[in-house]
Amino acid sequence: MAENLDGGHQQIDAGGLLIMPGGIDSHVHLEQPSGQAIMADDFASGSRSAAFGGNTMLLAFGLQPKGGSLKKAIEEYHASAASKTFLDFNFHPIITDASETVLQKELPEVIRSGHRSLKVFMTYNDLRLSDEEILNLFFVARREGALVLIHAENHDVITVLTKRLAAENRLVPRYHVDAHAVVAEEEATQRVLALAEWANVPVAILHVSTRGALEAIQRAQRRGQKVFAETCPQYLVFDPKDLETPEAAKLVFSPPPRHKTHRNACWESLIDGVVATVSSDHCPFRFHGAGGKQPQKGNIDFRAIPNGIPGVETRLPILFSEGVSQGRITLNQFVALSSTNHARIYGLFPRKGLIGIGADADLVFWDPEKKVTLSQSILHHDCDYTPYEGMQVTGWPVRTLLRGKTIVSDGELMATPGTGRFQRQIGTNGST
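Notes on the structure follow. (Residues numbered from 1 in each chain as written. Predicted model: local features only at pLDDT ≥ 70, side-chain atom pairs only at ≥ 80, totals over all residues. Heavy atoms only, no water.)

A few words now on the overall build of the protein. Scanning the protein for helices and strands turns up 12 helices and 13 strands. Compactness check: the protein gives a C-alpha radius of gyration of 21 Å against a globular reference of 22 Å for 432 residues, within 12% of the reference. Overall size of the protein, expressed as C-alpha extent along the three principal axes, is 70 × 50 × 40 Å. The burial tally for the protein puts 59% of its 432 residues in the buried class. Once local pairs closer than 6 in sequence are excluded, the contacts in the protein between residues at least 24 apart make up 79%. When the accessible surface of the protein is summed, it comes to about 17,300 Å², and 49% of that surface belongs to carbon and sulfur atoms. Side chains of the protein carry 43 positive and 48 negative charges; the gap between the two charge centres is 3 Å. (Helix = DSSP H or I, 4+ residues; strand = E, 2+ residues; numbered from the N terminus. Rg over C-alpha atoms; globule rule 2.2 N^0.38 Å. Buried < 20%, exposed > 50% of the residue type's maximum accessible area, 1.4 Å probe, protein only. Contact = heavy atoms within 4.5 Å. Areas by Shrake-Rupley, 256 points an atom, 1.4 Å probe, with all protein chains shown as cover. Lys, Arg positive; Asp, Glu negative; His and termini not counted. Charge placed at Lys NZ, Arg CZ, Asp CG, Glu CD.)

For sheets, the rule is that strands pair by backbone hydrogen bonds, running either parallel or antiparallel. Across the sheet, which stays open at both edges, the five strands sit in the order β1-β10-β11-β12-β13 with antiparallel pairing between neighbours. One side of each edge strand has no neighbouring strand; the edge strands of this open sheet are β1 (18–21) and β13 (412–413). Sheet topology places strand β10 (residues 363–373) next to strand β11 (residues 392–402); eight bridges connect them, and they run antiparallel. Paired with Lys371 across the strands is Thr394, a residue of β11. Contacting β1, β10 and β11, helix α11 (residues 315–325) runs over the sheet at an angle of about 125° to β11. (Pairing = 2+ DSSP bridges. Axes fitted to C-alpha atoms, helices over the stretch in contact; angles between N-to-C directions.)

In this section: the nonpolar core. Formed by 86 residues in total, the largest nonpolar core has its most connected members in Leu137, Phe138, Ile150, Val203, Ile205 and Phe334. The contacts of Phe334, once residues within four sequence positions are left out, are Met20, Leu316, Leu319, Phe320, Val324, Ile329 and Trp366. (Core = buried A, V, L, I, M, F, W, Y, C linked by side-chain atoms within 4.5 Å.)

Compared with the 20 Å implied by 1.5 Å per residue over 14 residues, the 20 Å span of helix α4 (residues 131–144) between its first and last C-alpha is a close match. Considered for burial, the residues of α4 that qualify are Ile134, Leu135, Leu137, Phe138, Val140, Ala141 and Glu144. Residues of α4 that are buried make contact with α3 (100–112), β5 (117–121), β6 (147–151), α7 (182–199) and β7 (203–205). Once α4 ends, the next one or two residues include Gly145, with phi positive near 75°. (Expected span 1.5 Å × (residues − 1).)

Right, let's get into a nonpolar patch on the surface. Residues Met1, Ile19, Ile355 and Ile357 make up a contiguous nonpolar surface patch of roughly 440 Å² in combined accessible area. With respect to the helices and strands, the residue Ile19 is situated in strand β1. (Patch = residues over 30% accessible without salt bridge, like charges linked within 9 Å, V, L, I, M, F, W, Y side chains within 5 Å. Salt bridge = Lys/Arg side-chain N within 4 Å of Asp/Glu carboxyl O.)

All right, on to the packing of helix α8 (residues 211–222) against helix α10 (residues 260–272) then. Packing of α8 against α10 brings their axes to within 8 Å, and their N-to-C directions diverge by 30°. Looking at the two axes, α8 sits roughly parallel to α10. Residues Arg211, Leu214 and Gln218 of α8 touch α10, and the partners they reach there are Thr261, His262, Asn264, Ala265, Cys266, Glu268, Ser269 and Asp272. (Parallel < 35°, antiparallel > 145°, perpendicular 65-115°, else oblique.)

Evaluation of the coordinates by the stated rule reveals 23 salt bridges. Its salt-bridge partner being Lys84, residue Glu31 comes within 3.0 Å of it at the nearest N-O pair. In this pair, Glu31 is assigned in the loop between β2 (23–28) and α1 (43–52) and Lys84 in helix α2 (residues 70–84), connecting sequence segments 53 residues apart. Judged by relative accessible area, which is 26%, Lys84 ranks as partly exposed.

What follows is about the packing of aromatic side chains. Enumeration over the complete set of coordinates arrives at 14 aromatic pairs. The interplanar angle of 75° and the centroid separation of 5.8 Å between the aromatic rings of Phe43 and Phe91 together place this pair among those described as edge-to-face. Taken together, the positions of Phe43 in helix α1 and Phe91 in strand β4 (residues 88–94) put the pair 48 residues apart, joining distant regions of the chain. Phe91 matches Phe43 in its accessibility class, with the two residues each being buried. Here Tyr77 and Phe91 contribute two aromatic rings whose centre-to-centre distance is 5.8 Å and whose plane-to-plane angle is 50°, an arrangement assigned as tilted. (Phe/Tyr/Trp six-rings, centres within 6.5 Å; stacked < 30°, edge-to-face > 60°.)

None of the figures reported here should be taken as evidence of function without further support.
What follows is the structure in structure tokens.
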């Protein structure tokens, strides 16, 4: 960086464009087993799609099989990503079996190898940990200097509500919203915040969607507790009524879409800094075909629909359009929410999330005036739909550079699989 640079290999005309740090999506599911469902994107197609969406790094998840080795699972994810990904990467290990061997031997080794953020679920039968197991994991995370990511929903509330809905034969996709009631998220958030405060461990509450959960997080932050909040584009734009269509299964994700009062709270929390990051929670299941969201025969039952939607390519355009273009957030807030805060929280700053001397030259060139209608036909994931079909956005990424090399330009992919590198998380997670 200087007033004049001579001798470069290439000159890029960026007239009329914004140049910002490349996007970092810190909540992405790729190649992750999910019962009988088949995840549409691997590391190649998922990172390709992300690159077209203006991203330069992904933090995906490494799922420990129930009863299996955490260390082996992470090694397998590494091998797959290293050979396929177009973007730099890391993984949040998902702990599903908090045995003494895993917590005291495998987990410390994984953390010290550069994975300093861990994920736990408070719901889903095959994934969730009990409060006792979460506390035991908290103590290890505190000792090792790791950050714990939380999917905060009360499993018992969801179970009771689902059984009641089933007894009343209310099982079409719209009732997924009722099963994952606001109280389930708000109670779980309050409970895990109390446990984390007592254990003195930093936590990040993922995909926050309700006013009550955001207020609980804000109170904790004001007390000095180290807690970070994330939300996603789907909680800024979708409403429960959007599930009242024949293709409502396309919008089954958890937590579900919320009413306007909660969407407003999410925007307010982005503006005032309670929410630190906006991620995609890209969890791509195809709509049609075996293992998809729409059954090939029989009635649609929300209990059988794989939870999750694709969104890694549309995250930045939606946030820019709904946020910056409509005057809700500033350009600096957009950069923080989409890149810089991710780098700071997850131990990647100042290599990532910054335009500065010594940083990795991860850049996205942005046309703030370009208008695009989102459609499956223009996206680059391997899913067969986008939940944002027909949505119009203003602002679009036109060039993406990873470590100074153009990988996408004007709709053309200019990189090869394996371009991405593993980026160790260093320092104390949660530093700002």
